[in-house]
Amino acid sequence: MTPFAKLNSPTELDALKRKAISAIQGCATRVLVCGGTGCMANGGPAVLDALQKALEKHEVPVRADIMREEDEDAITIGYSGCPGYCQVGPIVRILPADYFYVQVKPEDADDIVTQTVMNGKPVDRLLFKDENNSYAKRDDLPFYKDQVNVVLADCGVIEPGDIRDYIARDGYRALAEALFGLTPEAVVAEVTESGLRGRGGAGFSTGRKWGFTQVVQSAKKYVVCNADEGDPGAFMDESIMEGNPHALLEGMAIAGYAIGADEGYIYVRAEYPLAISRLRTAISQAEQAGLLGDRILGGPFSFHIHIKEGAGAFVCGEETALISSIEGQRGMPRPKPPFPANSGLWGKPTVVNNVETFANVSKIILNGAEWFRSFGIERSPGTKVFALTGDVVNTGLIEVPMGTTLGDVVFKIGGGIRTGRPFKAVQIGGPSGACLTEEHLDLPLDYDSLKSVGAMVGSGGLVVMDDSTCMVEIARFFMSFTQKESCGKCVLCREGTKRMLDILTRIVSGKGKVEDISLLEELALTVRDGSLCGLGKSAPNPVISTLKHFRDEYLAHIVDGVCPAGECESFKAYSIVSEKCKGCGLCAKKCPVNAISGELKSPYVIDATLCTRCGVCAEVCKFDAVVLS
Amino acid sequence: MAQSAVLPEKGSKARRHFSRIQQIIEEYGATESALIPILQKVQDEYRYLPEEILTFVATALDLPPATVYGVATFYAQFSLEPKGKHIIKCCDGTACHVRKNQTIINAINQRLGLAPDKKTTDDHRFTFEIVSCIGACALAPAVVIDGHVYGQTTAQAMVEAIDKIEEADKAEDAQ
Ligand SMILES: Cc1cc2nc3c(=O)[nH]c(=O)nc-3n(C[C@H](O)[C@H](O)[C@H](O)COP(=O)(O)O)c2cc1C
Ligand code: FES
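Residues numbered from 1 in each chain as written. Chains lettered and ligands numbered in written order. Predicted model: local features only at pLDDT ≥ 70, side-chain atom pairs only at ≥ 80, totals over all residues. Heavy atoms only, no water.

Caption draft 1: How the structure looks around the overall build of chain B. Looking only at helices and strands, one finds seven helices and four strands in chain B. Each helix and strand of chain B, ordered N terminal to C terminal, gives the series α-α-α-α-β-α-α-β-β-β-α. For the C-alpha atoms alone, the extent of chain B along its principal axes is close to 55 × 40 × 25 Å. Across the 175 residues of chain B, 51% fall into the buried class. (Helix = DSSP H or I, 4+ residues; strand = E, 2+ residues; numbered from the N terminus. Buried < 20%, exposed > 50% of the residue type's maximum accessible area, 1.4 Å probe, protein only.)

Caption draft 2: Expanded view of the domain arrangement of chain B. For chain B, the domain assignment lists domain 1 (2-74) and domain 2 (86-174). The C-alpha centroid of domain 2 of chain B is placed 30 Å from the C-alpha centroid of domain 1 of chain B. (Domains from an automatic or database assignment.)

Caption draft 3: Summary view of the domain arrangement of chain A. Residues and elements named next belong to chain A. Domain boundaries in chain A define domain 1 (16-141), domain 2 (163-373), domain 3 (376-466), domain 4 (471-560) and domain 5 (573-628). In this assembly, 19 residues from domain 2 lie in contact with 24 residues from domain 3. Summing both sides of the interface, domain 2 and domain 3 together bury roughly 1,700 Å²; the carbon and sulfur share of this comes to 55%. The interface formed by domain 2 and domain 3 contains three salt bridges. (Contact = heavy atoms within 4.5 Å. Buried area = accessible area lost by both parts, 1.4 Å probe. Salt bridge = Lys/Arg side-chain N within 4 Å of Asp/Glu carboxyl O.)

Caption draft 4: Fine view of the side chain of Ser 79 of chain B. Residue and element names in this part refer to chain B. Locating Ser 79 in the fold gives a position in the loop between helix H4 (65-74) and strand E1 (86-91). Among the polar contacts made by the side chain of Ser 79, one reaches the main-chain carbonyl oxygen of Glu 81 at a distance of 2.7 Å. In contact with Ser 79, not counting residues within four places along its chain, are Gln 43, Tyr 48 and Leu 49. (Polar contact = N/O pair within 3.5 Å; in protein donor to acceptor, adjacent residues only side chain to side chain.)

Caption draft 5: Quick peek at the packing of aromatic side chains. All names here are of chain A. Counted according to the given criterion, the structure contains 21 aromatic pairs over all chains. One Lys or Arg, Arg 138, reaches over the ring of Tyr 144 and ends 4.0 Å from the middle of that ring. Seen from the ring of Phe 623, Lys 582 lies directly overhead, with NZ or CZ sitting 5.4 Å from the centre. (Phe/Tyr/Trp six-rings, centres within 6.5 Å; stacked < 30°, edge-to-face > 60°. Lys NZ or Arg CZ within 6 Å of the ring centre and 35° of its normal.)

Caption draft 6: Structural view of the pattern of salt bridges. With the rule as written, the count across this model stands at 47 salt bridges over all chains. As a salt-bridge pair, Glu 318 of chain A and Lys 336 of chain A come within 3.6 Å of each other at their nearest N and O atoms. On the criterion of sequence distance, the pair formed by Glu 318 of chain A in the loop between strand E9 (304-309) and helix H13 (319-326) and Lys 336 of chain A in the loop between H13 and strand E10 (350-354) is long-range, its members being 18 residues apart. Residue classification places Glu 318 of chain A among the buried positions, given a relative accessible area of 16%. With its nearest N and O atoms 2.7 Å apart, the salt bridge here joins Arg 421 of chain A to Asp 467 of chain A. One end of the pair, Arg 421 of chain A, is in the loop between helix H16 (406-413) and strand E15 (423-428); the other, Asp 467 of chain A, is in the loop between strand E17 (461-466) and helix H18 (471-485), and 46 residues separate them in sequence. For Arg 421 of chain A, a relative accessible area of 41% translates into the label partly exposed. For Asp 467 of chain A, a relative accessible area of 27% gives the class partly exposed. Taken together, the salt bridges that share partners define one network made up of Lys 85, Asp 123, Arg 125, Asp 169, Glu 172 and Asp 173 of chain B.

What follows is the structure in structure tokens.
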């Protein structure tokens, strides 16, 4: 990549923006292959490679650099960020015509080049189709129709690997406006006025948090970005970092200016190698362009950003534990107060915000608080990105105005249940979250509405489940997660989660007792009230909410000895399908507890009272006659 | 710096190891805040954290060995036991769990003769770990083999992938 000339004033930034717009708009065609983790796993790199070869074969000139205008006919090709619809990847977008190709294979490259790039026509078979229609443009797709993109607006349209693509779309203009047109107090006031609330979980007012830090007198302050995204099943922060890393950097720099910090840290989980490499590239380009580092845009403000890689500990998503981890210690939470605003990283005043929170900031500064409040609802303005996964037809990242109902998300955008079975529940907020059921389909998704039913926005993971998912097993799954991740500092969390896990394991293995339910409830409340940090305080949530909405299912396991969803192994029994059994007797010979009997050449039977469900019979049977049900 | 006291004999293989570690420490700086990045880099090179290296790092950073050991055991990423040449990570995050990834976990364990408490094969060819969420949730169930993400995968596809790796390895060994 060519080195970027240092920009010495907002005027120079403006000039570069105009130049970038004319160069990029002057480009006949842009081919963007999704470079998000999902599509990269699904064969994106092979598609990019095949497209490049096809372009070469058909002698289509390709710009070595997106800004090179010498050759007017030349096109650009590269990786974009994730457009969200991971389910139908790998995705290829063609701009400016805006064709949206799904499930592209390397073999399709030739047609894309000859029909679309050279002749401007869509390749029909690559367009998204449902029963009735075929859709050429992204915004027409049912998946996108009800979405509103603020944070993700540039994700999937720009090449994250080139800062000028971001600049062409107003990138860093908010930073320039703040540095050269607003006082730090005015920045804080604008963000407060916008009503932006933290997207990392608790939903605290971002403007007020910045205000607390701003007023503390200190020669050194820090801005920290929480990119630990520990909720398993959530990946919106990952997508923002991969698809539009500069939006995060710009938001952090604005925060630095607002609170008077000259240094920032991004704490990224180590499981996101692609996000880390995109961030490194972005930081280096922004430094070369004079948009980060010393004397930004030639003014007096300096801001340096460092990356810290996490090392695999969920509790490090908690802000004080995260701070300990950056300092090089075990990621143990600290009691609050003191809050990070007063004593954070190395004891200095520190602002900790989530990735998505920062990604909203430049939009607010550019378009104003009023504009931001036009999205969402009064007490939760703006949009929220959710990761929609599980048993739903359309999985991927979605962005909707705060207050969109759960039903709209699952059925309109998500397209309903993938398996054709009945909808059962949505798990929101991960291991700290709760289950929402059919009765909540009209519930608006925003901080206060969710809180009123005992749930939370959390990070924004929405895992949809059909009736084949056992809710007791889900509660056990989350409890085993939090139990493993408990840092062990406080007794209630360390021991309480262990005991709850024991009980839940007992129930799903068919050994539950009726008293277990009240014991679970008692433990859940004690752990919730007595733990030191948010991990322990929220660990019982999945148990509390499944007990509330699915108590019958717990009782079925304990009293009736059945798992209504048919998921829990221990409630399944092995049996032999007599039509398939050839009577070879191998299973009976191998059964370690002699639970199988019969006569050679006629079907064998399993005595359920003796069977220990070891599964050897199913394994050795050559005719697939042993089934578990 | 005080670490010269623990340096092994000049010219020995161990001494060469330590000079590499010394390089890593210099790269990141001998401060407590660099401890985690240093251990990450060491693990990159050795595939685990040998005990004597932990002591060496502690001395170089002027920290009690217990502190370094405490950090090394706190984070899931660090391993105090040698890992295999190939690392397989099966995601057991929520999205992958509800898409019934248990059969994949069982199949990989069975193929490699491993169990929840035995994560590395005896020949040190494979290590199989369960991790929570690798960020490919929309393509659940997901497995990562040597950094390559397999989305919407199946038990059979994973067994085949392992077969392939083993074959390639054996061909390489034979040369
Ligand atoms: C156990 C636990 C895990 C958390 N994990 C995350 C996380 O992965 N990402 C995040 O942004 N916030 C996480 N938080 C919330 C942070 O502590 C903090 O509130 C947040 O980073 C503040 O940023 P915001 O105001 O922009 O939301 C977690 C909290 C707890 C208690
Ligand atoms: S839950 Fe498996 S990749 Fe996220």
